[in-house]
Amino acid sequence: MKRFARYLVFYSALIGIWFLLAKLKVWPPYVFPTPQGVLESLWAGFSDHSFWIAIGVSMKRMLLGYSLSVILGMVLGLGVASNKFLEQTVGGLLVSLQSLPSICWLPLAVLWFGLTEKAILFVVVMGSLLSVTIAMETGRQQMPKIYGMAGRNLGARGFPLFWYVLLPASLPYIVSGLKQGWAFAWRSLISGEMIFVSLGLGQMLMMGRDLNDMSLVIAVMILIVAIGYIVDGLVFRTIERRLQQKWGLTPAT
Amino acid sequence: MTANPTPQPSFSGEHRSPARAALNRWKAGVGLAVMPHPSAETKASAKVSLQGISLSYKANGGTHLLALEDINLKVNPGEFVCVVGPSGCGKSTLLHLIAGLQQPSSGKVLIDDKAVEGPGTDRILIFQELGLFPWLTVGGNVEFGMKMKGISKAERQEKIQYYLRLVHLGKFKDSYIHQLSGGMRQRVALARALASEPDVLLMDEPFAALDAQTRDLLHDELERIWAETGRTIIFVTHNVREAVRLGDRVVLFTFRPGRVKREFLIGLPRPRHLEDVAVAKTAREILDDLREEINRSLEAEYSHEAVR
């Protein structure tokens, strides 16, 4: 309850300052929108279904691109972790490639796939593939060795050892990577959608810019943050916390 | 220093079995219940036989660190052998070698006269840190080894119940590991190991982290289960009293490199208790021998500290 009160005070103050600054008209409203304007844009967007459609389109791309990179990342990560040579060569390359913002892949994607759905998907996959791969790899490395030994000691080897012991043992690390991958994919998606008429949330942002409608831009930004927060903060963090508690990585409270 | 098959002369020449000899002496009230024990018995068909086991690690800087040196030890079927020594004497490593999780640099581990080449479910190691699987329930953990062996589901269910009841955890089949206390986890590990029905149970300081009451209780239970199931047990500990309380025989290791310093046959009647005067007295004698090794280990630690 105390925490809730703190949030209430903080956000009221923030919106209050925003409201005052807008009221004082330091900047014209098409540069600096009012809170009411943003609220109206949100309302209008949801009531004429344009926001719902944009969210739907973006989420569909997200699910497709993200699932693709999770599957690819798992295969790649396990492959890299299974071999010392690959780990040192490919593993190093993957880490260095991760410093590349995924939007850098867009020019290539547009050349290869044209201004199509595929180009956006490509950027999303490139955004999250690396962090999923690296997470799988580090998961296999950081997993306590005792589980592998206990498994072998109890007669598990080959695929059963991987499936029943190594994979579940590294799950908490993998989930952290999946969470990070999701965040990267989400950023990449929005960037990718801003490039051309694609119906997604990213394109809504550009539409706001084209129409000089700053209220719309802020409204969409709030939506993007909200969706990101809900998935990351509620879905992933809950799974992560449960796993860590059950796996004994944090003291159970 | 490789395999050493030549049997060493028996301590008390006229007796075939030193164990029997010790027992007789003890019954007759002659001498001590504890006596030095020759490392190789003349009798064949040992359950576990270690022949000239040595192990060296490559330490930092390319130097070789000798962890175990020329270990010769025979363990009879159904025998309860305790290995004591200061920390760092390689006693845990020895269990890993017997379990087949590590390979010796030289020498051989034989189970029923057959060389060990890797892990096998005829010998199950209970790790010091247990290594219970947190993603499985208590029942799932106990089931694991049987599942890997390909035992049918119906039989597995039956045995889960049996072994959980054996360690007094019948009601906790569906609990998860993080919901259990330390003593209960210990018992799950024991049930998991027993469920694979190994001939040899290897236990690596299993009760070191437990409080005194829980440990006493588990000593009683382990002794009972050992008597009921007739398993061969090799039990590693740094606690001499615990070793005397549990073992038919106590093997004393030297500090780095680990060597068999001396063996003691414990002829005290069972069930024993940690507080028994005889247990304390016997432990005292072994401890006097061990003291020297502990001092060496402490010296090594302090000099190491000084270098840093």
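Parameters and conventions
- Residues numbered from 1 in each chain as written.
- Chains lettered and ligands numbered in written order.
- Predicted model: local features only at pLDDT ≥ 70, side-chain atom pairs only at ≥ 80, totals over all residues.
- Helix = DSSP H or I, 4+ residues; strand = E, 2+ residues; numbered from the N terminus.
- Buried ≥ 20, exposed ≤ 12 C-beta atoms within 10 Å, placed from the backbone.
- Contact = placed C-beta atoms within 7 Å.
- Pairing = 2+ DSSP bridges.
- Expected span 1.5 Å × (residues − 1).
- Bend = angle between axes of the 7 residues up to and from the residue.
- Core = buried A, V, L, I, M, F, W, Y, C linked by C-beta atoms within 7 Å.
- Nonpolar A, V, L, I, M, F, W, Y, C, P; charged D, E, K, R; others polar.
- Axes fitted to C-alpha atoms, helices over the stretch in contact; angles between N-to-C directions.
- Left-handed = near helix turned anticlockwise from the far one by under 90°.
- Parallel < 35°, antiparallel > 145°, perpendicular 65-115°, else oblique.
- Arc of directions from axis to C-beta.
- pLDDT = per-residue confidence, 0-100.
- Domains from an automatic or database assignment.

## What about the overall build of chain A?
- A tally of regular secondary structure across chain A gives eleven helices and zero strands.
- If you list the helices and strands of chain A from N to C, you get α-α-α-α-α-α-α-α-α-α-α.
- With respect to the three principal axes, the spread of C-alpha positions in chain A is 70 × 55 × 30 Å.
- Evaluated residue by residue, chain A yields a buried proportion of 38% over its 253 residues.
- Within chain A, counting contacts between residues at least 6 apart in sequence, those at least 24 apart form 71% of the total.

## Digging into the overall build of chain B
- Helices and strands together make up the secondary structure of chain B, namely eight helices and eleven strands.
- Here the analysis covers contacts within chain B between residues at least 6 apart in sequence; of these, 73% occur between residues at least 24 apart.

## A closer look at the pairing of strand β8 (residues 200-204) of chain B
All names here are of chain B.
- Most of β8 sits out of view: five of its five residues are buried.
- Of the two faces of β8, both are covered, the one formed by Val200, Leu202 and Asp204 as well as the one formed by Leu201 and Met203.
- Alignment of strand β7 (residues 123-126) against β8, held across four bridges, turns out to be parallel. When the bridges of β8 are listed, isoleucine 126 appears paired with methionine 203.
- Where β8 meets strand β9 (residues 232-237), five bridges bridge the pair, whose relative direction is parallel. Paired with leucine 202 across the strands is isoleucine 234, a residue of β9.

## Quick word on helix α11 (residues 214-246) of chain A
Residues and elements named next belong to chain A.
- Taking 1.5 Å of rise per residue, 33 residues should cover 48 Å, and α11 covers 46 Å from first to last C-alpha, within 8% of that figure.
- Its axis deflected by about 35° at arginine 237, α11 carries its strongest bend there.
- Of the positions making up α11, those classed as buried are Met214, Ser215, Leu216, Val217, Ile218, Ala219, Val220, Leu223, Ile224 and Leu243.
- At the exit of α11 stands glycine 248, carrying a positive phi of roughly 75°.

## Comments concerning the nonpolar core
- In terms of nonpolar packing, the biggest core is built from 136 residues, with B:Ala191, B:Leu202, B:Ile234 and B:Val250 touching the most fellow members.
- In terms of residues, this core owes the most to one element, helix α6 (residues 117-142) of chain A, which gives 14 residues.
- Leaving out residues up to four positions away in the same chain, B:Ile234 has contacts with B:Val48, B:Val75, B:Val81, B:Val83, B:Leu95, B:Ile98, B:Val200 and B:Leu202.

## Looking at the interface of chain B and chain A
- At the junction of the two partners, chain B supplies 19 residues and chain A supplies 16 residues.
- Contributions of two or more residues to the side of chain B that touches chain A are made by β7 and α3 (138-149) of chain B.
- At four residues, α3(B) tops the list of elements feeding residues into the side of chain B that touches chain A.
- For the side of chain B that touches chain A, the per-class residue count stands at twelve nonpolar, five polar and two charged.

## Focus: the packing of helix α5 (residues 106-113) of chain A against α6(A)
Residue and element names in this part refer to chain A.
- It is at 9 Å that the axes of α5 and α6 come closest, and there the two elements cross at 145°. Crossing of α5 over α6 shows right-handed handedness. Here α5 contributes Leu106, Ala109, Val110 and Phe113 to the contact with α6, which in turn contributes Lys118, Ala119, Phe122 and Val123.
- Among the residues making up the contact of α5 with α6, the classes are represented as seven nonpolar, no polar and one charged.

## Notes on the packing of helix α3 (residues 50-81) of chain A against helix α9 (residues 171-193) of chain A
Residues and elements named next belong to chain A.
- Direction vectors running N to C along α3 and α9 enclose 135°, while the axes themselves pass 10 Å from each other. Accordingly, the angle class assigned to the pair α3 and α9 is oblique. Regarding α3 and α9, the two cross each other, and that crossing is right-handed. Mapping the contact onto sequence places Ser58, Arg61, Met62, Gly65, Tyr66, Ser69, Val70 and Gly73 in α3 and Leu178, Gly181, Trp182, Ala185, Trp186, Leu189 and Glu193 in α9.
- Here the residues of the contact of α3 with α9 sort into eight nonpolar, five polar and two charged.

## Remarks on the sheet that holds strand β3 (residues 64-75) of chain B
- As summarised here, the arrangement of the four strands in space is β3-β2-β5-β6 (chain B), forming an open sheet in which the pairing is antiparallel. Each edge of the open sheet is held by one strand with a lone partner, namely β3 and β6 (114-115) of chain B.

## Some remarks on helix α2 (residues 35-47) of chain A
Residue and element names in this part refer to chain A.
- End to end, α2 covers 18 Å across 13 residues, agreeing with the expected 18 Å (1.5 Å per residue, within 8%).
- When α2 is considered as a whole, its buried residues turn out to be Val38, Ser41 and Gly45. Across the axial projection of α2, the buried residues extend over an arc of 60°, all falling on one side. What points out from α2, more than 90 degrees from its buried face, is the exposed set Gln36, Trp43 and Ser47.
- Structurally, α2 contributes buried residues whose contacts are with α3 and α11.
- Following α2 by one or two positions, histidine 49 adopts a phi angle in the positive range, close to 70°.

## Details of the confidence of the model for chain A
- Scored by pLDDT, chain A comes out at a mean of 86, with 98% of its residues at no less than 70.
- Averaged pLDDT values over the elements of chain A bottom out at 84 in helix α4 (residues 84-97) of chain A and peak at 90 in helix α1 (residues 2-24) of chain A.

## Considering the domain arrangement of chain A
Residue and element names in this part refer to chain A.
- What the domain assignment reports for chain A is domain 1 (1-32) and domain 2 (34-246).
- The straight-line distance from the C-alpha centre of domain 1 to that of domain 2 is 31 Å.
- Listed per partner, the contact involves seven residues of domain 1 and five residues of domain 2.
- Here the side of domain 1 that touches domain 2 is built from residues that sort into seven nonpolar, no polar and no charged.

## Structural notes on the environment of A:Gln98
- Relative to the helices and strands, A:Gln98 resides in the loop between α4 and α5.
- For the pair A:Gln98 and A:Met62, spaced 36 residues apart in the sequence, the C-alpha separation amounts to 19 Å.

## Regarding the confidence of the model for chain B
All names here are of chain B.
- Per-residue confidence for chain B gives a mean pLDDT of 77, with 82% of residues at or over 70.
- Note on residues 1-43: pLDDT is under 50 here. Beyond four places in sequence and across chains, it has 74 contacts.
- In the predicted assembly, ipTM is 0.73 and pTM is 0.72.

## Observations regarding the pairing of strand β11 (residues 260-266) of chain B
All names here are of chain B.
- Sheet topology places strand β10 (residues 249-253) next to β11; five bridges connect them, and they run antiparallel. Considered in β11, the bridge of phenylalanine 253 is made with valine 260.
- Taken together, β10 and the strand that follows it, β11, pair antiparallel across an intervening segment of six residues, in which arginine 256 is found at a positive phi of about 25°.

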